[in-house]
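One-letter residues, chain by chain:
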Amino acid sequence: WSVSINGSHVGSGNLSTADTWVPANIPLSGFGNLQSATVTLTGFGASNSAGTWRLDNVVLDGIALTPVPEPSTWALLGGGLVFLAAQFRRRA
């Protein structure tokens with residue numbers, strides 16, 4: 001098996017016997033500035049075509065990205081502040 005992220009190879013291993021679970025921990029420390037990622041898992045080298053290849057409990061852990069507000073969000077916030085300022089000015 002082989003794993004790549006955005007086309008860069010990050011890990012590989014061998015499965016030698018049937019019905020064997022092979023845990024794999026693949027460090028992703030070199031991908032700190034990603035906004036999105038394509039993870040490709042590839043199986044190869046089967047001894048015949050009657051077998052199966054199964055993935056179970058796949059977990060991708062990473063740092064949560066802080067979303068950046070869209071310009072429309074800033075415009076709506078600014079418009080609300082202008083409205084509130086106008087309301088306070090009318091009362092004074």
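This text follows the structure it describes.
Residues numbered from 1 in each chain as written. Predicted model: local features only at pLDDT ≥ 70, side-chain atom pairs only at ≥ 80, totals over all residues. Heavy atoms only, no water.

*Asks:* Sorry, what's going on with helix H1 (residues 71-91) here?
*Replies:* Since there are 3.6 residues in each turn of an α-helix, residues three or four apart along the chain are aligned in direction. Compared with an ideal rise of 1.5 Å per residue, which puts 21 residues at 30 Å, H1 spans 31 Å between its outermost C-alpha atoms and is within 8% of the ideal. The buried fraction of H1 amounts to 0 of the 21 residues, a small share that puts the element mostly on the outside. (Helix = DSSP H or I, 4+ residues; strand = E, 2+ residues; numbered from the N terminus. Expected span 1.5 Å × (residues − 1). Buried < 20%, exposed > 50% of the residue type's maximum accessible area, 1.4 Å probe, protein only.)

*Asks:* Can you walk me through the sheet that holds strand S1 (residues 2-5) in this structure?
*Replies:* Here we have 3 strands laid out as an open sheet, ordered S2-S1-S3, and antiparallel in their pairing. Of all strands in the sheet, those with a lone pairing partner are strand S2 (8-12) and strand S3 (39-42), marking the two edges. Neighbour-to-neighbour, the strand axes of this sheet turn through a mean angle of 25 degrees, independent of strand direction. Examined bridge by bridge, S1 and S2 share 4 bridges and lie antiparallel to one another. Residue Val 3 lies in a different strand from S2, and its bridge partner there is Gly 11. (Pairing = 2+ DSSP bridges. Axes fitted to C-alpha atoms, helices over the stretch in contact; angles between N-to-C directions.)

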